[in-house]
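So the chains spell out like this:
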Amino acid sequence: MTVTDLAGLVEGAAIGAPDVLSRDVRGGYASDLLSDVMANAQDGDAWITMQRHVNTVAVAQLKNLAGIVIVNGRQPEADVIERAAAHGVAIVTTPLTAFDAAGRLYEAGLRGRGAS
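Residues numbered from 1 in each chain as written. Predicted model: local features only at pLDDT ≥ 70, side-chain atom pairs only at ≥ 80, totals over all residues. Heavy atoms only, no water.

Caption draft 1: Looking closely at the pairing of strand β2 (residues 27-30). Pairing geometry for β2 and strand β3 (residues 45-49), over 4 bridges, is parallel. Note on β3: the bridge partner recorded for Gly-27 is Asp-45. (Pairing = 2+ DSSP bridges. Helix = DSSP H or I, 4+ residues; strand = E, 2+ residues; numbered from the N terminus.)

Structure follows, in structure tokens:
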């Protein structure tokens, strides 16, 4: 599954360059605590969160995540989109709740991979 495929599954909008949106998503992680994501998300995971500030981009880059999935219809500010573009981080926005987004991705075969 690519980031673009993931966006379709969660009725979302994908933000990023074509090469970023074509990345493979290898797993998923859901958390709103940046420290938790830094400790437990794995390379290639899609990160489901309600957070939408620039620090999420730094964490996604640090952990080499496939992308950030921002839930509940929240939209990133322009500075977040600019930072994500500069660092090659994909963003997907969805009107779904975190629970529903995770459920759809699980139903499509995406799994959490546990703590690293």
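Caption draft 2: Geometry of the packing of helix α4 (residues 54-62) against helix α5 (residues 78-87). Interaxial distance between α4 and α5 falls to 8 Å at its minimum, and their mutual angle equals 20 degrees. The angle between the axes of α4 and α5 places the two elements in the roughly parallel class. Considering how the two elements wind past one another, α4 and α5 form a crossing that is right-handed. Of the residues in α5, those touching α4 at Val-54, Val-57 and Gln-61 are Asp-79, Val-80, Arg-83, Ala-84 and His-87. Across the contact of α4 with α5, the residue classes tally to 4 nonpolar, 2 polar and 2 charged. (Axes fitted to C-alpha atoms, helices over the stretch in contact; angles between N-to-C directions. Parallel < 35°, antiparallel > 145°, perpendicular 65-115°, else oblique. Left-handed = near helix turned anticlockwise from the far one by under 90°. Contact = heavy atoms within 4.5 Å. Nonpolar A, V, L, I, M, F, W, Y, C, P; charged D, E, K, R; others polar.)

Caption draft 3: Focus on the pattern of salt bridges. Tallying each qualifying case throughout the model produces 4 salt bridges. One salt bridge connects Glu-11 with Arg-104, and the closest N-O pair in it is separated by 2.6 Å. Taken together, the positions of Glu-11 in the loop between α1 (3-9) and β1 (13-15) and Arg-104 in helix α6 (residues 98-107) put the pair 93 residues apart, joining distant regions of the chain. The exposure class assigned to Glu-11 is partly exposed, which follows from its relative accessible area of 48%. For Arg-104, a relative accessible area of 31% translates into the label partly exposed. Linking Arg-113 and Asp-45 is a salt bridge whose minimum nitrogen-to-oxygen distance equals 2.8 Å. With Arg-113 in the segment after α6 and Asp-45 in strand β3, the pair connects residues that are 68 residues apart, well separated along the chain. (Salt bridge = Lys/Arg side-chain N within 4 Å of Asp/Glu carboxyl O. Buried < 20%, exposed > 50% of the residue type's maximum accessible area, 1.4 Å probe, protein only.)

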